[in-house]
There are 2 protein chains.
Amino acid sequence: MAIERLSGAKLDEVLAGLPGWSLREDGLAIIRELKFADFNEAFGFMTRVAIQADKVDHHPEWFNVYNRVVVTLTTHDADGLSQRDVDLASFIDSLAPAT
Amino acid sequence: MAIERLSGAKLDEVLAGLPGWSLREDGLAIIRELKFADFNEAFGFMTRVAIQADKVDHHPEWFNVYNRVVVTLTTHDADGLSQRDVDLASFIDSLAPAT
């Protein structure tokens, strides 16, 4: 079953609610870069996201080097962004270090 | 203190001993892509590497999406490859799924 893709005004509304995230150039994914104090904190964050991601069966694409994590969220089954990305982005925001 | 950079015949010898890895185009890093059964296995692998990496204070650059992990190893303090990369690569090889 296809998952509904967010677009138009609904997508704009969602993005306005996720100020830490930017839309990828192709408009099909959102990206957030996070910086932590050190590798221990960065990987601790990744572990919490990993457990949540596997629980809801919606996984990030992500890159890590030392204290830096770049997360990309998209929904392949929707060929773009869906509510699943919004939910995982909100979870990630709840773990992000204060800036 | 600068860490000795591997080069020349020594580098060739090291690379011959790490057949799963390829030298990055610029010659300053080695890269290995690993595929696992699923996200649980992939992230479990990453967790084991993370604990080892932090213990020896030598961290990978890596990308993950679902069951796929791409690891890049380099030693910034050596401006290239060092024994630290060889050691971490060997540890990673010991955890890699049979191909």
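Because the structure is predicted, anything quoted here is derived from the model rather than measured.

Draft legend 1. Expanded view of the side chain of Asn64 of chain B. Locating Asn64 of chain B in the fold gives a position in strand 3 (residues 61-65). Given a relative accessible area of 1%, Asn64 of chain B falls into the buried group. A polar contact is formed between the side chain of Asn64 of chain B and the backbone oxygen of Tyr66 of chain B, at a distance of 3.1 Å. Dropping the residues within four chain positions of it, Asn64 of chain B is found in contact with Pro60, Glu61 and Trp62 of chain A together with Phe39, Ala42, Met46 and Val69 of chain B.

Draft legend 2. Fine view of the relation of the copies chain B and chain A. Turning chain B through 180° and shifting it by 0.0 Å along the axis lays it on chain A, with an RMSD of 0.0 Å. Each copy turns onto its partner about a two-fold axis. Residue Phe63 of chain B of chain B places its C-alpha closer to the rotation axis than any other residue of that unit, at 2.1 Å.

Draft legend 3. Region of the structure containing the sheet that holds strand 1 (residues 22-23) of chain B. What the eight strands build is an open sheet, ordered 1(A)-2(A)-4(A)-3(A)-3(B)-4(B)-2(B)-1(B); its pairing is antiparallel. Looking at which strands have only one partner, the edges of the open sheet turn out to be strand 1 (22-23) of chain A together with strand 1 of chain B. Taken together, the five bridges between strand 3 (residues 61-65) of chain A and strand 3 of chain B define a ladder with antiparallel strand orientation. If you follow Phe63 of chain A over to strand 3 of chain B, its bridge partner there is Phe63 of chain B.

Draft legend 4. Here's a closer look at the packing of helix 2 (residues 39-55) of chain A against helix 3 (residues 83-95) of chain A. All names here are of chain A. Interaxial distance between helix 2 and helix 3 falls to 10 Å at its minimum, and their mutual angle equals 150°. Classed by the angle they form, the pair helix 2 and helix 3 counts as roughly antiparallel. Crossing geometry of helix 2 relative to helix 3 is assigned as right-handed. Here Phe45, Arg48, Val49 and Gln52 of helix 2 lie close against helix 3, whose contacting residues are Leu88, Phe91, Ile92 and Leu95.

Draft legend 5. Representation of the packing of aromatic side chains in the model. Residues and elements named next belong to chain A. All chains considered together, the criterion is met by seven aromatic pairs over all chains. Ring centres of Phe39 and Phe43 lie 5.9 Å apart, and the angle between their planes is 25°; on these two criteria the pair is classed as stacked. Of this pair, Phe39 and Phe43 both sit in helix 2, four residues apart, which is roughly one turn of that helix. Take Phe39: its relative accessible area is 2%, and that puts it in the buried class. Residue classification places Phe43 among the buried positions, given a relative accessible area of 6%.

Draft legend 6. Molecular detail of the interface of chain B and chain A. Each partner contributes to the interface: chain B provides 15 residues, whereas chain A provides 15 residues. On the chain B side of the contact with chain A, Phe39, Phe43 and Trp62 of chain B bury the most area, a combined 35% of that side's loss. Summed over the shared surface of chain B and chain A, the result is zero salt bridges. Where chain B touches chain A, the interface holds two residue pairs in polar contact (both at pLDDT 80 or more).

Draft legend 7. The confidence of the model for chain A, seen in detail. A residue-level look at chain A finds 98% of positions with pLDDT of 70 or above and a mean pLDDT of 96. In the predicted assembly, ipTM is 0.95 and pTM is 0.95.

Draft legend 8. Seen up close, the side chain of His59 of chain A. Tracing the backbone shows His59 of chain A in the loop between helix 2 and strand 3. The buried category is assigned to His59 of chain A, whose relative accessible area is 14%. Separated by 2.6 Å, the side chains of His59 of chain A and Asp54 of chain A make a polar contact. Apart from residues no more than four positions distant in its own chain, His59 of chain A is found in contact with Ala53 and Asp54 of chain A together with Phe39 and Tyr66 of chain B.

Rules of the game
- Residues numbered from 1 in each chain as written.
- Chains lettered and ligands numbered in written order.
- Predicted model: local features only at pLDDT ≥ 70, side-chain atom pairs only at ≥ 80, totals over all residues.
- Heavy atoms only, no water.
- Helix = DSSP H or I, 4+ residues; strand = E, 2+ residues; numbered from the N terminus.
- Buried < 20%, exposed > 50% of the residue type's maximum accessible area, 1.4 Å probe, protein only.
- Polar contact = N/O pair within 3.5 Å; in protein donor to acceptor, adjacent residues only side chain to side chain.
- Contact = heavy atoms within 4.5 Å.
- Least-squares fit on C-alpha atoms with pLDDT ≥ 70 in both.
- Pairing = 2+ DSSP bridges.
- Axes fitted to C-alpha atoms, helices over the stretch in contact; angles between N-to-C directions.
- Parallel < 35°, antiparallel > 145°, perpendicular 65-115°, else oblique.
- Left-handed = near helix turned anticlockwise from the far one by under 90°.
- Phe/Tyr/Trp six-rings, centres within 6.5 Å; stacked < 30°, edge-to-face > 60°.
- Buried area = accessible area lost by both parts, 1.4 Å probe.
- Salt bridge = Lys/Arg side-chain N within 4 Å of Asp/Glu carboxyl O.
- pLDDT = per-residue confidence, 0-100.

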